[in-house]
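# Coordinate inspection notes
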Amino acid sequence: MNGKGPEDARDPAAPPALEWKFAQVFGERTAGEEVQEVDIISAIEFDKSGDHLATGDRGGRVVLFERTDVRAHGCRRDLERLDYPVSRHPEFRYQTEFQSHEPEFDYLKSLEIEEKINKIRWCQTANSALFLLSTNDKTIKFWKVQEKKVKRISEMNLDPSQAGGNDSSASSSTAGPRACLPNGGCSYNYMCNDFSFPPGGFPSLRLPVVAGQETSLVAKCRRIYAHAHDYHINSISNNSDGETFISADDLRINLWNLEISNQSFNIVDVKPANMEDLTEVITSAEFHPTHCNTLAYSSSKGSIRLLDLRQSALCDNHSQLFEEHEASSSRSFFTEIIASISDIKFGKDGRHILSRDYMTLKLWDINMDSRPVATFQVHEYLRPKLCDLYENDSIFDKFECCLSGDGLRVATGSYSNLFRVFGCVAGSTEAMTLEASKNPMRRQVQSPARTARSLSSLTRVVRRDQPVAGAESPGIDANGNSYDFTTKLLHLAWHPTENSIACAAANSLYMYYA
């Protein structure tokens, strides 16, 4: 007897739960070390290959990391074909960093514009150069990062004995005719009266010798896309055509061409004629991974709208609306606040959309807009504490979400530097609680899946992490540990091809693999 009912039995087709292990940490804090506000990470993004990782922080800096365990030996797929031993986990190293944004001041609106990086998105690479978009509240920048060869003078073709013996005399006699050039060199006026050729002339021509060319990564801002948003930018997303991207603020979504920085097209505008009639705002927007004409955006009312750019220039009407209606009997003061979607992501196949609101993760099938195919409870034990969360503004925290490359799992963050990983295949009971530390499994708990309703194998709604005994006591989380609203894991990203997650805990970047 194992104590499991028919609902607890795991589908044999569901993959087994992963065992997550610590891989690396960058910017680890020592005990008691105070974190500077400008060092807190505010954005994380893998490129499509997974060989590069970018982070942005509140100080307006972008830091790039590159993978080393594959580049040292060649393509991972080639190594597997040759039965070459592959490194036990993906390893990254610091590559370079640059100042993307500076603090600004809007004198017309008397508004300070923070340098904090809100989003980073990788663009298509070309000629071994890396391209990416970064944005703060108002301005988007297009960056090119490329290796440059730096020529250095290794030695001067000069006789050291002559140079040393003539130091004092040379400095006094050439002080007048010597002139500095813009390139750092010097020229001497040999026709002045103080200069005389030695008897027999110069024995040889002395020239600087350039030897060895060092390479360094140089970041150059190619274009600046500014003055197109009246409200804070919350999203940017690349189009699959490689030529355009969108940027979204609370009320508008603009379409840009990467080559044109002084013009954008407004494709969504939800601003009412009278601002008193405003009932919802845009919270996130994302292009479809393969269909260049399709994009989705979420709202503060918990709905997701799918748009088709082929229908009209201004997408006032959506092609599909995804929302789940809550029973009126269960509504409260906090219902609309916690229903606000903070992030949406398309699955790699473009078939599913993952959304994150304050309490749950929801997985939607674009072919079924009546309800999500799966709902995952992230921190249900906080529901009795919503009043406290409202008082300290934690209820407005915006958590990101991500999907694995194979579409089998989803992940999102929580408080106390915890993050959750759920299996989203029908019948999977995988629901892991992991901590952003060198021992991620220390506070792991796994709860069986509970089926809320069943229409078919495609429309089953799965809820995970139901409250456990003692979880609702003050200051105690689902694992029996005290929770901390000041340490929150808002940003994380899943490697596009492997089971590897990068997440940010304050100023530290943690990486895990399974």
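Presented here is an overview of the structure given in this document. The structure displayed is predicted, hence computed values, not measured ones.

With that settled, consider the overall build of the protein. Looking only at helices and strands, one finds five helices and 34 strands in the protein. Taking all 514 residues of the protein together, 45% fall into the buried category. In the protein, the share of contacts with a sequence separation of at least 24, taken over all contacts with a separation of at least 6, comes to 57%. By element, 49% of the accessible surface of the protein is carried by carbon and sulfur atoms, the whole surface being about 26600 Å².

The next subject is the pattern of salt bridges. Throughout the structure, instances matching the rule amount to 22 salt bridges. Here Asp-230 and Lys-109 are joined by a salt bridge, their closest N and O atoms 3.7 Å apart. Of the two residues, Asp-230 sits in the loop between β13 (208-225) and β14 (235-238) while Lys-109 sits in the loop between β6 (104-106) and β7 (111-113), which places them 121 residues apart along the sequence. Take Asp-230: its relative accessible area is 44%, and that puts it in the partly exposed class. For Lys-109, a relative accessible area of 46% gives the class partly exposed.

Another aspect to go through is the packing of aromatic side chains. A complete count under the given rule lists 23 aromatic pairs for this structure. Judged by centre distance (4.9 Å) and plane angle (65 degrees), the rings of Phe-105 and Tyr-107 are edge-to-face. Judged by relative accessible area, which is 36%, Phe-105 ranks as partly exposed.

Even without being a glycine, Asp-393 presents a positive backbone phi close to 70 degrees. Looking at the element boundaries, Asp-393 is found in the loop between α5 (386-391) and β26 (401-403).

Among the six residues that make up strand β34 (residues 508-513), six are buried, leaving the element largely enclosed by the rest of the structure. Alignment of strand β33 (residues 500-505) against β34, held across six bridges, turns out to be antiparallel. In the sheet register, Cys-503 faces β34, and the bridge partner there is Tyr-510.

On to the side chain of Glu-280, then. Mapped onto the fold, Glu-280 is located in the loop between β17 (260-269) and β18 (282-287). In terms of polar contacts, Glu-280 uses its side chain to reach the side chain of Ser-299, at 2.7 Å. Separated by 3.2 Å, the side chains of Glu-280 and Arg-305 make a polar contact. If near-sequence neighbours (up to four positions away) are discounted, Glu-280 is found in contact with Ser-299, Ser-300, Lys-301, Ser-303 and Arg-305.

About the cut-offs
- Residues numbered from 1 in each chain as written.
- Predicted model: local features only at pLDDT ≥ 70, side-chain atom pairs only at ≥ 80, totals over all residues.
- Heavy atoms only, no water.
- Helix = DSSP H or I, 4+ residues; strand = E, 2+ residues; numbered from the N terminus.
- Buried < 20%, exposed > 50% of the residue type's maximum accessible area, 1.4 Å probe, protein only.
- Contact = heavy atoms within 4.5 Å.
- Areas by Shrake-Rupley, 256 points an atom, 1.4 Å probe, with all protein chains shown as cover.
- Salt bridge = Lys/Arg side-chain N within 4 Å of Asp/Glu carboxyl O.
- Phe/Tyr/Trp six-rings, centres within 6.5 Å; stacked < 30°, edge-to-face > 60°.
- Pairing = 2+ DSSP bridges.
- Polar contact = N/O pair within 3.5 Å; in protein donor to acceptor, adjacent residues only side chain to side chain.

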